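Observations on the model geometry
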Amino acid sequence: MTELPEFHELTLPNGFSYKQPTGLFINNKFVPSIKKETIDTIDPSNGEKICSVYAASEEDVDVAVKAAKDAFKTTWRHTSGSDRGRLLVKLSELCERDTDKLAAIEAIDSGKPFEQNAKGDIGELYNVLRYYGGWADKVHGQTIPVDDNKLAYTVHEPYGVCGQIIPWNYPLCMLSWKIGPALAAGNTIVLKSAEQTPLSALYLCNLVVEAGFPAGVVNIISGLGPVAGSALSTHPLVSKIAFTGSTAVGQIIQKAASSNMKAVTLETGGKSPLVIFEDANLEQAVKWAAFGIFFNSGQVCTSNSRVLIQEPIYMKFIEKLKECIDSDYKQGLPFGDDTVMVGPQVSKQQQDRILKYIEIGKKEGAKVFTGGYKVTDDEVLAKGYFVKPTIFYDVTPEMTIFKEEIFGPVVSCIPFKTEEEAIELANDTLYGLAAALFSKDITRAHKVARELEAGMVWINSSNDSDFRVPFGGVKMSGIGRELGEYGLTNYTQTKAYHVNLGLKL
Amino acid sequence: MLASSLRFKKPALFNPVLYVARFYSHLPLSVPIKLPNGIVYEQPTGLFINNEFVPSRQSKTFEVISPSTEEEITHVYEAREDDVDIAVEAAKKAFNSTWKTADPAERGKVLYKLANLIEKNAETLAGIESLDNGKSLFCARGDVALSANYIRSCAGWADKIYGRLIETGSSHFSYSRREPLGVCGQIIPWNFPLLMWSWKIGPALATGNTIVLKPAEATPLSALYVSQLVKEAGIPAGVVNILPGYGKIVGERISRHPNIKKIAFTGSTATGRHIMKAAAESNLKKVTLELGGKSPNIVFADADIEKAVSNIIMGIFYNSGEVCCAGSRVYVQDTVYDKVVQAFKESSEKLKVGNPFDESTFQGAQTSQVQLEKILSYVDIGKKEGAKLVTGGERIGEKGFFIKPTIFADVKEDMRIVKEEIFGPIVTVSKFSTVDELIEMANDSEYGLAAGIHTIDINKAIDVSNRLTAGTVWINTYNDFHQNVPFGGFNQSGIGREMGAEALDNYTQVKAVRIKIDPKQV
């Protein structure tokens, strides 16, 4: 039980001062949580507390859901698609205007390098919002010819209140992937941000108000998964739940959603393979592979954490990958110089988890080519949650580090001989989020791509997503697709109408 | 009669008394204009090529007059063939630059900006439209709002133009892309100068084409004014080019230009036919046409008569009847015929006709003297044919092209006033008894643009709607547009559709790509 001011006056390392809201954002207002419970948010680059914000309890979730339900009934479902679109485009414009502010908050709270990473996230944020703003008046049903006695048509209706739970690795991007299509399709929202990274979403709430969204349409709460997340997943007035995060939590949510048969979208873990054939442009393959595992400190659900390399170029690739880390993936503080590419992991817990996997890898016989430890040699970085970019080689399919998602800057390299073997290795996983392959041979590229069990395949690139192209997994990597037109289908339900024009009984 | 059919809908501008093309090379590239509502603005007068206003090569100008006062507003430069060639070259160059190849979301972004700018300048644009076209401010404001909405909707489409992945088995990888056509020629009419501009440029730009557009010679002002906004929005030079000028010169050159890949025209059926021929003879341009109509507006006995009458009025007197889809043939079921005609007459006589800048005016001026004369000549024809003039049929005042809302009743289906498009506030009312009889009468037209149905019976509404030959059917409403609902005609009312997802088809061509990926499989 702590009383917090409505705003903290914060000054970030780059000199940017602003008012950080602390409350739960319900009905277009920041309010304290009912029980006055709070969570501390930590700067992962030095382990120091940034500030506290209010954390939602089950009761707060109930208030937020009722506000969203009320807004759905009274305003939002009567707001035309054109008007919904205008609001989203307006919000996009405001986010673009505030790029530097939002990026700075993202950098302090999640540890993303300001220049090389956080700013790009804001670009994604406003692009996604603008894109779905364009869809809002284009969600169309069909008329279906049956016979002269019947007019049959479908309407793609919104669900109503959507619960959305987002992770800490891309706080604002994931927010945009969630709220963009949901609002475009006409739903109202209760979104829970990750407890590690609540700040940017709260700041964005100011822009939601400025854009002119009616009260109750967008509700954003900070809070813990087992408390607020759980309340959201089981709430009877929430008709749809969307979650991005770990596969284990995804399973809990899917189970909880069965309480009132919520529709469920899950975007969960991955252990995505990157297959490099000997005819590949090696230099490009190395660069994309590095990008795919070391960008965002490896905290990417689609990271290419398993790299399969055809034998003749196996060691050469690994050597070049290390060279690439040394030259292009400079570790440093989020507000360090503009060339810093790799920041800290988001939390102590994540750092420990990654280090534990590194130890397991070593014990199971994998060889460390570079990295494999937490950063201690630099006095400043030693305070933060930094892990050295790590290459394991001679990894075999039985090893834990081949199988389990590490969610850090740790890559496993595995040699293969034939196309068939590569496909078998690539598909030997419970996950199926993404896959990538490098080959100059158009025939082989397309043939292998077809065989890969994944929701996304990148040919001659990796982690090269685009907001217009669907994103999501097969197998235990998820249910449903985000982004693109497909992303809208998660947020509408089809109602079929039959109009009898003359059939008599 | 090629030349005369290329006069589009405004032969008035060829009246040698009123309109004399002059050499007027010292015309400045913009002139200050004070609108009757007090707004003062700078009106560009040049051709808009490569994001700059320029004099025409031959420095000719023509006069633009205000139809509500018959006074000159200004001159603007008149494009000729050589100007078209320059504009097409600019558009071609722009097409082959980043406009076609850049991230389509960038096209969306500038179109969103353009929509915002139109809204920001809404009152000025509405005033220009009223001054230049004669339409009431009430109508003009609606046009501006619809234009902004449509541009915004197109902005959203820009990055949603999909091809398909066509599954043909594992031996091949087959897909299609929808690519822009290139330079599009667009010729728009004078009845909705800004709105037709938006219907044309919106989908063409969203899909990555570049444009040479000719506004109507009677109403070039708003298209020139918004050209400034096109530039301000960040649309690159050469993407949008605007050439005021005459149909038989500029329109003809656009229709026949070898580097124009597509022509879109809104106007009369006669001109549409000529353009299609020109497109065929020159380089087989793709053609979209939105042409004339003689649309039936039907009232069943079970309809809410009061609402039906108000929809009939919106159907025929909105925009002074200068609407291609105007509900110019009203069909009323016999049991309520007299009642409807009486109510229609009374309501029509209450409509305020006059100064377009008067806030209470419903109906402004017709756009030109020739239109006025044409309409009045149809009044005479109707009388001679034996139709009963219920109300109207006269010009109002001496100055300005105003005409009373006019109703003819007791008409026969073979009368010219029932068959021919008049394009003014003049309507015929026919009687029917059965649905079959009605369908026969309603469909007995060379046109097929729109139709209206008024009934509370859901089955009848849908059954009749299914049986009507029309590209748009309004049920218990009329002239009720939305940017996402396609618009276009059956029969001789046109080819292609504007607005909605359908409009994008007019501006893209499909490329199919088929890659053999397994040489071992057949």
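As recorded in an unreviewed UniProt entry, chain B goes by Aldehyde dehydrogenase 5, mitochondrial and comes from Ascoidea rubescens DSM 1968. Quoted verbatim from the Function (unreviewed entry) heading of the UniProt record, the comment on chain B is "Minor mitochondrial aldehyde dehydrogenase isoform. Plays a role in regulation or biosynthesis of electron transport chain components. Involved in the biosynthesis of acetate during anaerobic growth on glucose."

An unreviewed UniProt entry lists chain A under the name Aldehyde dehydrogenase, with Ascoidea rubescens DSM 1968 as the source organism.

Before going further, it helps to spend a moment on the overall build of chain B. Looking only at helices and strands, chain B has 16 helices and 25 strands in total. Taking 24 Å as the expected radius of gyration for a compact globule of 522 residues, we find that chain B reaches 23 Å, a close match to that expectation. Seen through its C-alpha atoms, chain B measures out along the principal axes to roughly 75 × 70 × 45 Å. The 522 residues of chain B split such that 62% are buried. Long-range contacts, defined as pairs at least 24 residues apart, comprise 74% of the intrachain contacts of chain B with a sequence gap of at least 6. In the structure as shown, chain B presents an accessible area of about 18,600 Å², 53% of it carried by carbon and sulfur atoms. In chain B, the 59 positive side-chain charges and the 59 negative ones have mean positions that sit 6 Å from each other.

Consecutive side chains of a regular strand alternate in pointing toward one face of the sheet and then the other. All names here are of chain B. Most of strand β16 (residues 329–333) sits inside the fold, with five of its five residues counted as buried. In β16, alternate side chains face the same way, and those of Arg329, Tyr331 and Gln333 on one face and Val330 and Val332 on the other are all buried. When strand β15 (residues 296–299) meets β16, the two strands line up parallel, connected through four bridges. If you follow Val299 over to β16, its bridge partner there is Val332. Between β15 and its parallel partner β16, the chain crosses via helix α10 (residues 305–317), and the hand of that crossover is right-handed. Examined bridge by bridge, β16 and strand β21 (residues 426–432) share five bridges and lie parallel to one another. Directly across from Val330, in β21, lies its bridge partner Val429.

All names here are of chain A. As assigned here, chain A comprises domain 1 (7–268 + 481–493) and domain 2 (273–466). Computed over C-alpha atoms only, the centres of domain 1 and domain 2 are separated by 30 Å. Considering only the surface of domain 1 that becomes buried against domain 2, Ser45, Gln116 and Trp168 emerge as the three largest contributors, covering 24% of it. Inspection of the region where domain 1 meets domain 2 yields zero salt bridges. The interface formed by domain 1 and domain 2 contains eight residue pairs in polar contact (both at pLDDT 80 or more). For the side of domain 1 that touches domain 2, the per-class residue count stands at 12 nonpolar, 13 polar and four charged.

Turning next to the UniProt feature "domain: Aldehyde dehydrogenase" (unreviewed entry) in chain A. Within this numbering scheme, the UniProt entry marks residues 33–496 of chain A as carrying the feature "domain: Aldehyde dehydrogenase" (unreviewed entry). The straight-line gap between the two end C-alpha atoms of residues 33–496 of chain A is 41 Å; of that span, 41% is helix and 19% is strand.

Taken as a whole and judged by the stated rule, the model has 33 aromatic pairs over all chains. A centroid spacing of 5.0 Å and a plane angle of 80 degrees characterise the contact between Tyr131 of chain A and Tyr132 of chain A, whose relative ring orientation is edge-to-face. Under the relative-accessibility criterion, Tyr131 of chain A is labelled buried at 2%. Accessibility expressed as a relative area gives 0% for Tyr132 of chain A, which makes it buried. Put simply, the rings of Tyr131, Tyr132, Trp135 and Phe467 of chain A together with Trp157 and Tyr162 of chain B touch in pairs and so form one group of aromatic residues.

Glancing now at the UniProt feature "domain: Aldehyde dehydrogenase" (unreviewed entry) in chain B. UniProt feature "domain: Aldehyde dehydrogenase" (unreviewed entry): in the numbering of this structure it lies at residues 54–513 of chain B. Helix makes up 42% of residues 54–513 of chain B and strand makes up 20%, while its end C-alpha atoms are separated by 43 Å.

All names here are of chain A. Taken in spatial order, the seven strands of this open sheet run β16-β17-β18-β15-β14-β19-β20, and their pairing is mixed. Looking along the sheet, the strands with just one partner apiece sit at the ends: β16 (367–370) and β20 (456–459). Here the average twist between neighbouring strands, direction ignored, is 25 degrees. Across three bridges, the pairing between strand β14 (residues 273–276) and strand β19 (residues 434–438) is parallel.

This next bit is on unusual backbone geometry. Peptide bonds are trans in most cases, and residues, glycine excluded, mostly fall at negative phi. Residue and element names in this part refer to chain B. Even without being glycine, Glu70 reaches a positive phi, approximately 65 degrees. Within the element layout of this structure, Glu70 appears in the loop between β6 (60–66) and β7 (71–77). In this structure Glu70 comes out as partly exposed when scored by relative accessible area, which is 22%. Of note in this structure, Ser320 is not a glycine but carries a positive phi near 55 degrees.

Here the focus is the domain arrangement of chain B. Think of interface size as the accessible area that goes away when the parts come together; that is how it is often given. Residues and elements named next belong to chain B. Splitting chain B by domain gives domain 1 (16–291) and domain 2 (296–482). With 30 residues of domain 1 at the contact, the number on the domain 2 side is 26 residues. When the buried surface of domain 1 facing domain 2 is broken down by residue, Glu70, Phe138 and Trp190 rank first, second and third, together holding 22% of it. Linking domain 1 with domain 2 are two salt bridges.

Residue and element names in this part refer to chain A. A cluster of acidic residues, Glu398, Glu421, Glu424 and Asp428, forms a negative patch on the protein surface. Here Glu398 is to be found in the loop between β17 (390–393) and α13 (400–403). Residue classification places Glu398 among the exposed positions, given a relative accessible area of 58%.

To continue, consider the sheet that holds strand β7 (residues 143–144) of chain A. All names here are of chain A. Reading across from one edge, β7-β8-β22 is the order of the three strands in this open sheet, with antiparallel pairing throughout. Every other strand in the sheet has two partners, leaving β7 and β22 (492–500) as the edge strands with one partner each. In terms of strand pairing, β7 meets strand β8 (residues 150–158) through two bridges, oriented antiparallel. Residue pairing across strands places Ile144 opposite Ala152, the latter belonging to β8.

What follows covers the side chain of Ser439 of chain A. All names here are of chain A. Mapped onto the elements, Ser439 comes out in the loop between β19 and α15 (442–451). On the accessibility criterion, Ser439 (2% relative accessible area) is buried. In this structure the side chain of Ser439 is engaged in a polar contact, spanning 3.0 Å, whose partner is the side chain of Asp279. Not counting chain neighbours up to four residues away, the residues in contact with Ser439 comprise Phe277, Asp279, Ala280, Arg444 and Asn460.

Here is what the cut-offs are and how they apply
- Residues numbered from 1 in each chain as written.
- Chains lettered and ligands numbered in written order.
- Predicted model: local features only at pLDDT ≥ 70, side-chain atom pairs only at ≥ 80, totals over all residues.
- Heavy atoms only, no water.
- UniProt positions renumbered as here; feature names shortened; annotations may be inferred.
- Helix = DSSP H or I, 4+ residues; strand = E, 2+ residues; numbered from the N terminus.
- Rg over C-alpha atoms; globule rule 2.2 N^0.38 Å.
- Buried < 20%, exposed > 50% of the residue type's maximum accessible area, 1.4 Å probe, protein only.
- Contact = heavy atoms within 4.5 Å.
- Areas by Shrake-Rupley, 256 points an atom, 1.4 Å probe, with all protein chains shown as cover.
- Lys, Arg positive; Asp, Glu negative; His and termini not counted.
- Charge placed at Lys NZ, Arg CZ, Asp CG, Glu CD.
- Pairing = 2+ DSSP bridges.
- Right-handed = clockwise from strand over helix to strand, strands pointing away.
- Domains from an automatic or database assignment.
- Buried area = accessible area lost by both parts, 1.4 Å probe.
- Salt bridge = Lys/Arg side-chain N within 4 Å of Asp/Glu carboxyl O.
- Polar contact = N/O pair within 3.5 Å; in protein donor to acceptor, adjacent residues only side chain to side chain.
- Nonpolar A, V, L, I, M, F, W, Y, C, P; charged D, E, K, R; others polar.
- Phe/Tyr/Trp six-rings, centres within 6.5 Å; stacked < 30°, edge-to-face > 60°.
- Axes fitted to C-alpha atoms, helices over the stretch in contact; angles between N-to-C directions.
- Patch = residues over 30% accessible without salt bridge, like charges linked within 9 Å, V, L, I, M, F, W, Y side chains within 5 Å.

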